[in-house]
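Single-letter residue listing:
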Amino acid sequence: MKKYRFLSLLLLVPMVLSLLLPISAAGQEDLDLFCTHAVLLDANHGELLYDMKANERAYPASLTKVMTALLVMEAISYGQLSPSTVVTVSPSAVEGIPSEYVTGNFKAGEEITIEHLLYCMMLESDCDASNILAEAVDGSIEDFVAHMNRRAGELGCQGTHFTNTYGLHNENHYSTAYDLAIMMQAALEYDLFRTVTKTASYTVPATNLSNERFFYNKNGLISNLYYEGYYYDKCIGGKTGTTDTAGRCLVAAAEDGDELLISVVLGSGPMAVPGEEKLKQGQFRESRRLLEYGFNNFH
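Every chain begins its residue count from 1, and numbering advances along the sequence as written. Only residues with pLDDT of 70 or above have their local features reported here, since the model is predicted, and side-chain atom pairs are shown and tallied only from 80 upward, although totals for entire chains, interfaces and linings are computed over all residues. Note that the side-chain values use all heavy atoms of the structure and ignore hydrogens as well as water.

A. Molecular detail of the sheet that holds strand β1 (residues 37–42). Pairing is antiparallel in the open sheet, where five strands are placed in the order β2-β1-β9-β8-β7. The open sheet is flanked by β2 (47–52) and β7 (235–243), the only strands paired with a single partner. Each strand of the sheet is rotated relative to its neighbour by a mean of 10 degrees, with strand direction disregarded. We call two strands paired when DSSP finds no fewer than two bridges between them. Each helix is a run of DSSP H or I of at least 4 residues and each strand a run of E of at least 2, with the numbering of both proceeding from the N terminus. With six bridges connecting them, β1 and strand β9 (residues 259–268) associate as antiparallel partners. Within β9, the position partnered with L40 by the bridge is S263. A fitted line through C-alpha atoms serves as each axis, taken over the contacting stretch for helices, and the angle formed by two N-to-C directions is quoted from 0 to 180°.

B. Structural view of the packing of aromatic side chains. In this scheme Phe, Tyr and Trp rings, the latter by its six-membered ring, pair at centre separations within 6.5 Å, and the angle between planes marks the pair as stacked below 30 degrees, edge-to-face above 60, and tilted otherwise. Inspection of every chain in the model, using the stated rule, returns eight aromatic pairs. A ring pair is formed by Y119 and Y202, whose centres lie 3.6 Å apart and whose planes are at 0 degrees; its orientation type is stacked. In this pair, Y119 sits in helix α4 (residues 114–124) while Y202 sits in strand β5 (residues 201–204), placing the two residues 83 residues apart along the sequence. Here the term buried applies to any residue with accessible area under 20% of the maximum for its type, exposed to any over 50%, and partly exposed to those in between, with areas from a 1.4 Å probe on protein chains only. Overall, the relative accessible area of 18% leaves Y202 in the buried class. Taken together, the aromatic side chains of Y226, Y227, Y230 and F284 make up a single cluster linked through ring pairs. Whether a charge sits over a ring depends on NZ of Lys or CZ of Arg being within 6 Å of the ring centre and within 35 degrees of the ring normal. Between R213 and the ring centre of F106, over which it is positioned, the NZ or CZ distance is 4.1 Å.

C. Here's a closer look at helix α6 (residues 141–155). A helix's residues, less one, multiplied by 1.5 Å, set its expected span. Given a rise of 1.5 Å per residue, 15 residues ought to cover 21 Å, and the 21 Å separating the end C-alpha atoms of α6 matches this to within 8%. Taken residue by residue, α6 has I141, F144, V145, H147, M148, R151 and A152 as its buried positions. Looking straight down α6, one finds that the buried residues subtend no more than 155 degrees of arc, so they occupy a single side. Across α6 from its buried face, at more than 90 degrees, point the exposed residues E142 and E154. Immediately beyond the C-terminal end of α6, within one or two residues, lies G156, with a positive phi of roughly 95 degrees. The directions considered for the arc are those from the helix axis to the C-beta atoms.

D. Highlighting the nonpolar core. Counting 68 residues, the largest nonpolar core has I114, L118, F193, I262 and V264 as the members making the most contacts within it. The greatest single-element share of this core, amounting to nine residues, is contributed by helix α2 (residues 65–77). What V264 contacts, discounting residues up to four positions off in sequence, is H37, A38, V39, L63, A177, L180, A181, L250, V251 and L290. Grouped together as the second largest cluster of nonpolar side chains are 23 residues, L33, A38, Y50 and L261 included. To qualify as a nonpolar core, a set must consist of buried Ala, Val, Leu, Ile, Met, Phe, Trp, Tyr and Cys residues joined through side-chain atoms within 4.5 Å. Should any heavy atoms of two residues lie within 4.5 Å, those residues are considered in contact.

E. Seen up close, the packing of α2 against α6. Their axes nearest at 10 Å, the elements α2 and α6 cross at an angle of 90 degrees. Classified by the angle between their axes, α2 and α6 sit roughly perpendicular to one another. Packed against α2, whose contacting residues are M67, T68, L70, L71 and E74, the element α6 presents F144, H147, M148, R151, A152 and L155 at the interface. Basically, the charged four are Asp, Glu, Lys and Arg, the nonpolar ten are Ala, Val, Leu, Ile, Met, Phe, Trp, Tyr, Cys and Pro, and anything else, Gly included, counts as polar. Tallied by class, the residues present in the contact of α2 with α6 amount to seven nonpolar, two polar and two charged. We call two directions roughly parallel when the angle between them is under 35 degrees, roughly antiparallel when it is over 145, roughly perpendicular when it lies between 65 and 115, and oblique otherwise.

F. Quick look at the pairing of strand β8 (residues 247–256). Counting buried residues in β8 gives seven out of 10 residues, a clear majority hidden from the surface. In terms of strand pairing, β7 meets β8 through eight bridges, oriented antiparallel. Bridge pairing in β8 links G238 to A252. Examined bridge by bridge, β8 and β9 share eight bridges and lie antiparallel to one another. In the strand pairing of β9, D256 is matched with E259.

G. Up close: helix α9 (residues 282–297). Here α9 contains 16 residues, and its C-alpha end-to-end distance of 22 Å stays within 8% of the 22 Å for a straight helix at 1.5 Å per residue. Residues of α9 that are buried include every one of G282, Q283, F284, E286, S287, L290, L291, Y293, G294 and F295, and no others.

H. Quick look at the pairing of β1. The buried count for β1 comes to six of six residues, which makes it a mostly enclosed element. Two strands pair when backbone bridges link them, and β1 and β2 are joined in this way by five bridges, in the antiparallel orientation. Bridge assignment links L40 to a residue of β2, and that residue is Y50.

I. Up close: unusual backbone geometry. Not every positive phi belongs to a glycine, and A61 is a case in point at roughly 50 degrees. Turning to its location among the elements, A61 is positioned in the loop between β2 and α2. The class for A61 is buried, based on a relative accessible area of 4%. Even without glycine at this site, S125 takes up a positive phi of about 65 degrees. Relative to the assigned elements, S125 resides in the loop between α4 and α5 (127–138). Note on S125: relative accessible area 8%, which makes it buried.

Below you can see the structure in the form of structure tokens.
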């Protein structure tokens, strides 16, 4: 009889443990998100908690800069660069950026540190800062873009292809919500990345060719200074992105205790909310809904 009781216990243990694990994204709740693509990833365990066309190609806009930042972080970790490394802006880094894209108005011959360029790129979303960092890592923008694609493949990103460093719209510049979450997961391994993307506002000191630059973080989950009414105290960083074709996008990370979640919302925009007179910024509202859904339903 003891033998059979022991066998019953052995069968019961995996059943109990299964109740403690997150359910798969296939059994997810329908959140009716206002966007075209979305993902919620448990970054500690690689578990996909929510999937809305997660592996379908989409345009990433400035979420591209997460990969640019990741390659800079890796160059720093290898000793190739340091945050205090001073680089001189080349003419090729500031040429050819369309006027409707955000820039820091950097000038050829300007001298600035890697750390300050990271703040310009991740908070203000300066596209010229992306190019300057690219040349600092690989010598040319072309070689850096090849590096981006190679690294994406190493991370397991199967639906991604880059043609530029900052998210300039191009039919051959695309990614997926899942791939962008994987890139964010890798970037969060670096303390400097976390520090930069969690900063609400920043002042870049004057350089040899510019007065000081001051700007706010455009991620409404981090700061109310640019977009009011979306602040989320669990958010530890992220990156915004917007083009006419991509819509309004956000990759965000949030922590609650030892739980770390990453949300990606693509193709959102201004949305009407019952009981609210003003339109809401869908990329922030829906990202917070996703993150709260994760913390409230998975452990």
